[in-house]
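# Reading the structure
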Amino acid sequence: MIVAAGLTPAWQQIMRFARLQPGEVNRAREVHWCASGKNLNVGMALAALGANALALSPLGGWSGQAIAAEFRREGRQARWTASATPTRVCTTLLDEATGTATELVENSAPLTDAERAEFVAAYQEAAAAAEYIVLTGSLPHGTPATFYRDLLRQTRCPAVLDVRGPELLAALECRPRVVKPNREELAMTLGQPVADLRAAMRDLIRRGAQAVVITQGKAPVCVAEGDRFWQVAPPTVSPVVNPIGCGDCLAAGLAVGLQQGLTLVEAVRLGMAAAAENVTQLLPARLDPARVAAWAEQIVAH
Ligand SMILES: Nc1ncnc2c1ncn2[C@@H]1O[C@H](COP(=O)(O)OP(=O)(O)OP(=O)(O)O)[C@@H](O)[C@H]1O
Ligand SMILES: [Mg+2]
């Protein structure tokens, strides 16, 4: 089993406009509601790629119920823990005229100590049965930056970490199998602009990461393991329908590939194929495995 765990799920509204004009009345051509947030996106992408996947997340209120109902309806496995505050609502505004996506993000509400303890207990149970773990997403205000490190200390299987900042730095001592911030998150984590990407990736390896994968949208993905480096160019995807959740799909594909015994670079290719397919879909992480396989054919590592 592969477990996707994190504290920041979202009930997501996706609105598509012919042309979005700030400061004006904008009428949507299409509106969708769906489960999202990094941990749920990864959980959904894992399942779509054929993994025995479990999404682990706190949920609360009407929006939490809507997410749980969607997972039930779609037959996706999940373990929910309680949160008194309704799960946040986030909104994606897609502008067809410019091909851009604007994200309106509500932060996840702080969890109480008891809610966090319930999550940690559920994590311990899930992690004991897991072959791979993906830890992903920012931490709600008030959660200690050592949260992911403490989860990893209780984890025997390898982990992919899609986190950033102090929580990423703290977790490195647990020698995560792969860390995969995007380039901006890498800079934010190291507290300075990334002038020399390889040196920055080497820095994370020196601090404990077994491997580092840095994404930068449609520019090449950079991969480092030990003292080796690779670059992998994403396929050209046109039109771009909705790029939100690409990093989550990449994390899922990476974990599935590694769990299946692929090399790191082959697993990155699978993750990038999942991400390319995600770009073509309106809703995040709802992947078609046959199309993911077709994208993988177009991706070559150097
Ligand atoms: N326009 C695009 N065309 C092709 N592939 C893309 C495009 N945008 C993203 N991807 C793929 O998705 C991967 C992850 O994208 P990105 O670097 O934007 O991640 P991210 O910022 O972590 O995304 P998120 O956190 O929203 O999931 C890229 O490395 C690439 O493989
Ligand atoms: Mg990301």
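Here, every reference points to the structure presented above.
Report on the accompanying structure. Every chain is numbered on its own, with residues counted from 1 as its sequence reads. Chain A is the first chain written and ligand 1 is the first ligand written, with later ones labelled in order. In view of the model being predicted, local features appear only for residues whose pLDDT reaches at least 70, and side-chain atom pairs are presented and counted only at 80 or more, with totals across whole chains, interfaces and linings using the full set of residues. Based on all heavy atoms of the structure, the side-chain values leave hydrogens and waters out of the count.

### Observations regarding the overall build of the chain
- Only DSSP runs of H or I with at least four residues qualify as helices, and only runs of E with at least two residues qualify as strands; both kinds are numbered from the N terminus onward. Scanning the chain for helices and strands turns up ten helices and 13 strands.
- Taken over C-alpha atoms, the radius of gyration comes to 18 Å for the chain, in line with the 19 Å a tight globule of 302 residues would show.
- The C-alpha extent of the chain, read off along each of the three principal axes, is 55 × 45 × 40 Å.
- Taken over 302 residues, the chain has a buried fraction of 55%.
- We call two residues in contact whenever any of their non-hydrogen atoms come within 4.5 Å of each other. Contacts in the chain between residues far apart in sequence, at least 24 positions, make up 65% of those at least 6 positions apart.
- Accessible surface, the chain as shown: approximately 13100 Å² in total, 50% of it carbon and sulfur.
- Counting rule applied: Lys, Arg positive; Asp, Glu negative; His and chain ends not counted. In plain terms, the charge of a residue is placed at NZ if it is Lys, CZ if Arg, CG if Asp and CD if Glu. Charge centroids of the chain, computed over 28 positive and 28 negative side chains, lie 2 Å from each other. The globule rule is 2.2 Å times the number of residues to the power 0.38, and the radius of gyration it is compared with is taken over C-alpha atoms. The buried label goes to any residue with under 20% of its type's maximum accessible area, the exposed label to any with over 50%, and the partly exposed label to all in between, with areas taken from a 1.4 Å probe on protein chains only. Areas reported as accessible are Shrake-Rupley estimates using a 1.4 Å probe. Residue values count occlusion only from the protein chains shown.

### Concerning the site of ligand 1
- When at least one non-hydrogen atom of a residue lies within 4 Å of a molecule or strand, that residue is treated as near it. Taken together, the neighbourhood of ligand 1 is formed by 19 residues, with Lys38, Asn182, Thr215, Gly217 and Gly247 sitting nearest.
- Polar contact is the term for a pair of N or O atoms within 3.5 Å; when the atoms are in protein, one must be able to donate a hydrogen and the other to accept it, and sequence-neighboring residues count only if both atoms are side-chain atoms. For ligand 1, an oxygen atom lies 2.7 Å from a polar atom in the side chain of Lys38.
- Between an oxygen atom of ligand 1 and a main-chain N or O atom of Cys246, the distance comes to 3.3 Å.
- For ligand 1, whose unbound accessible area comes to 630 Å², protein coverage reaches 86%.
- The distinction between a cavity and a pocket rests on a 1 Å grid over the protein atoms alone: a 1.4 Å probe fits inside a cavity but cannot get out, while a pocket stays open yet meets protein on both sides within 12 Å along at least five of seven lines, and a residue with an atom within 4 Å of a point counts as lining. More than half of a molecule's atoms lying within 2 Å of a cavity's or pocket's grid points is what places that molecule inside it. At a threshold of 2 Å from the grid points, most atoms of ligand 1 map onto the largest pocket.
- Contributions of two or more residues to the shell around ligand 1 are made by strand E11 (211-216), helix H8 (246-259) and helix H9 (264-279).
- No other element matches H8, which puts four residues into the shell around ligand 1.

### Here we look at helix H1 (residues 38-48)
- The element H1 is extensively covered by neighbouring structure, given that eight of its eleven residues are classed as buried.
- Listing the buried residues of H1 in full gives Asn39, Leu40, Asn41, Val42, Gly43, Met44, Ala45 and Leu46.

### Details of the layout of surface pockets
- Space inside the largest pocket adds up to approximately 1500 Å³.
- Sorting the residues of the lining of the largest pocket by element identifies strand E2 (10-17), H1, helix H6 (183-190), E11, H8 and H9 as the ones contributing at least two each. Grid points are joined across faces, edges and corners, and a volume is the space filled by probe spheres set on the points.

### A few points about the packing of H1 against H8
- To get an axis, a line is fitted to the C-alpha atoms, and for a helix only the part in contact is used. The angle between two axes follows their N-to-C directions and goes from 0 to 180 degrees. Two elements in contact, H1 and H8, have axes whose closest approach is 8 Å; the angle formed by their N-to-C orientations is 45°. In terms of orientation, H1 lies oblique with respect to H8. In this structure, the crossing between H1 and H8 has a hand that is right-handed. In this structure, H1 contributes Lys38, Asn41, Val42, Ala45 and Leu46 to the contact, and H8 contributes Asp248, Cys249, Ala251, Ala252, Ala255 and Val256. Every angle not falling under 35 degrees, over 145, or within 65 to 115 is termed oblique; those three ranges are roughly parallel, roughly antiparallel and roughly perpendicular. Each crossing is labelled by how the near helix is turned from the far one, with a counterclockwise turn of less than a right angle marking it left-handed and a clockwise turn marking it right-handed.

### Let's talk about unusual backbone geometry
- Note that the residue after Ser238, namely Pro239, is joined by a cis bond; omega there is 0°.
- You can see Pro239 is positioned in the loop between strand E13 (228-232) and H8.
- Even without a glycine there, the phi angle at Arg175 is positive, about 55°.
- Following the sequence through the fold, Arg175 ends up in the loop between helix H5 (166-171) and strand E10 (178-179).
- What makes Arg175 partly exposed here is its relative accessible area of 49%.
- Even without being a glycine, Ala285 presents a positive backbone phi close to 70°.

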